[in-house]
Amino acid sequence: MLLLLVGLALVTPQAPLRLADLLEEARRNNPELQAAREQARAAAAQVVPAGALDDPMLMVQLWNTPADFSTVPVMVQLSQTFPLGGKRAARRDAARGEAAATQADAATKAREIEAAVAKVYFDLYLADRTLEVDRQIEAILRSLLTSATSRMAAGKGEQAEALRAQSELLKVQSDSEGVRARRVAASAKLVALLNRAPGSALGMTTEPGLVENLPTQEALRARSLRERPEFAGTQARTAQAEARLRLAKAERVPDLTIFLAEMHSFRMTGVSDFLFAGVQGNLPIFAASK
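Here we summarise the structure given alongside this text. The structure displayed is predicted, hence computed values, not measured ones.

### Re the pairing of strand β1 (residues 57-62)
Counting buried positions along β1 gives zero out of six residues, so the element sits mostly on the surface. As paired strands, β1 and strand β2 (residues 72-82) are joined by six bridges and run antiparallel to one another. Residue pairing in the sheet places L62 in a bridge with V74 of β2.

Shown next as structure tokens:
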């Protein structure tokens, strides 16, 4: 009796499967979708740094020191480069386009995962309903086989009736085995999509709700242009390409570097501190070849 109670405690019925719950679980746990979202976050984090200024440069020099070190001039220089021609804005727009495209790719991956979960769910639903019908047919065939065997034993039936019933029974049992194999395969796919532990048991499917009225073709087309992530991704990549084109044209404009310096000459009599200020820029004479 104790062993029976322990066995009953260990057997926990599996919760029924609902498509809405499975879709929500896939959105939370699917590893491919998680990776796509992390890539989108990384791309979004690169937008602001793409348009930032380069770090200022600090330089310390020992300047024109005599061989006997009678004086020790030391110069400290600070310089900062400012890109001109809209380079920073173009880099920021290119990074923003990349972030938007990556976000659209993540949304596309989410749609693909949801579609895969729905397809596997309906495969399971079809398998469950088929097995249920096969069990009913098998029960009827067993009754017919029992009835035909009884009539044949009483001399009122023919052996052909029993053989036909037995043949149909074997055919239904064979079909049921094929359906069970397909259900096992669908269950494995669903477990992988949900990122559950391999071999996790799944409960029976429940009948999904049906849409009462479908939108018109024009409404569906407008909604697809408005909400499909592939369309948004194409627009984002177009904006990214335009920003890169602006950046390529802006490379013809030189960058400006401003520097300030102070030199102090140790062991020097008289004036020992000197200030320097200047401006320099690159010469984009090779812009055409670049």
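### Concerning the side chain of D134
For D134, the position within the fold is in helix α5 (residues 87-153). Among buried charged residues, D134 stands out as having no salt bridge; its nearest opposite-charge side chain is R182, 7.2 Å away.

### As for the sheet that holds strand β3 (residues 256-266)
The four strands are arranged β1-β2-β3-β4 in an open sheet whose pairing can be described as antiparallel. In this open sheet, the two edge strands, each paired with only one partner strand, are β1 and β4 (273-281). Put simply, the sheet's adjacent strands are angled 20 degrees from each other on average, direction ignored.

### A word on a nonpolar patch on the surface
Side chains of L53, F82, L84, V253, I258 and V279 sit close together on the surface and give an oily, nonpolar patch of about 440 Å² of accessible area. Along the chain, I258 falls in strand β3. Under the relative-accessibility criterion, I258 is labelled partly exposed at 37%.

### Concerning the pattern of salt bridges
Any two side chains of opposite charge can pair, so long as their charged atoms come close to each other. Tallied over the entire structure, the rule returns 20 salt bridges. As a salt-bridge pair, K109 and E32 come within 3.3 Å of each other at their nearest N and O atoms. In this pair, K109 is assigned in helix α5 and E32 in helix α3 (residues 31-45), connecting sequence segments 77 residues apart. The class of E32 is partly exposed, set by a relative accessible area of 45%. Via salt bridges that share partners, E24, R27 and E114 belong to a single interconnected network.

### A few points about the side chain of R183
Summarising the element assignment, R183 is placed in helix α6 (residues 159-194). Those residues within four positions of R183 in sequence are excluded, and the remaining contacts are L124, A127, D128, L202, G203 and M204.

### Structural notes on the packing of helix α2 (residues 19-29) against α5
The angle between the axes and the distance between the axes are what describe a pair of packed helices. Their axes nearest at 10 Å, the elements α2 and α5 cross at an angle of 145 degrees. For α2 against α5, the interelement crossing comes out right-handed. Taken together, the residues of α5 that come into contact with α2 (itself represented by L19, L22, L23, A26 and R27) are I113, E114, V117, A118, Y121 and F122. Split by residue class, the contact of α2 with α5 holds nine nonpolar, no polar and two charged.

### Some remarks on the nonpolar core
Inside soluble globular proteins, nonpolar side chains tend to come together where they are buried. In this structure, L17, L22, V117, L124, L190 and L202 are the most contacted members of the largest nonpolar core, which totals 17 residues. Put simply, the parts of the chain that give this core at least two residues each are α2, α5 and α6. By size, the runner-up hydrophobic cluster in this structure holds seven residues, among which are L145, A148, A165 and V172.

### Some points on α6
Counted at 1.5 Å a residue, the expected span for α6 with its 36 residues is 52 Å, and the 52 Å between its end C-alpha atoms agrees. Once α6 finishes, N195 follows within two positions and takes phi at roughly 60 degrees, a positive value.

Thresholds, definitions, all that
Residues numbered from 1 in each chain as written. Predicted model: local features only at pLDDT ≥ 70, side-chain atom pairs only at ≥ 80, totals over all residues. Heavy atoms only, no water. Buried < 20%, exposed > 50% of the residue type's maximum accessible area, 1.4 Å probe, protein only. Helix = DSSP H or I, 4+ residues; strand = E, 2+ residues; numbered from the N terminus. Pairing = 2+ DSSP bridges. Lys, Arg positive; Asp, Glu negative; His and termini not counted. Salt bridge = Lys/Arg side-chain N within 4 Å of Asp/Glu carboxyl O. Axes fitted to C-alpha atoms, helices over the stretch in contact; angles between N-to-C directions. Patch = residues over 30% accessible without salt bridge, like charges linked within 9 Å, V, L, I, M, F, W, Y side chains within 5 Å. Areas by Shrake-Rupley, 256 points an atom, 1.4 Å probe, with all protein chains shown as cover. Contact = heavy atoms within 4.5 Å. Left-handed = near helix turned anticlockwise from the far one by under 90°. Nonpolar A, V, L, I, M, F, W, Y, C, P; charged D, E, K, R; others polar. Core = buried A, V, L, I, M, F, W, Y, C linked by side-chain atoms within 4.5 Å. Expected span 1.5 Å × (residues − 1).

On their own, these measurements won't tell you what the molecule is for.
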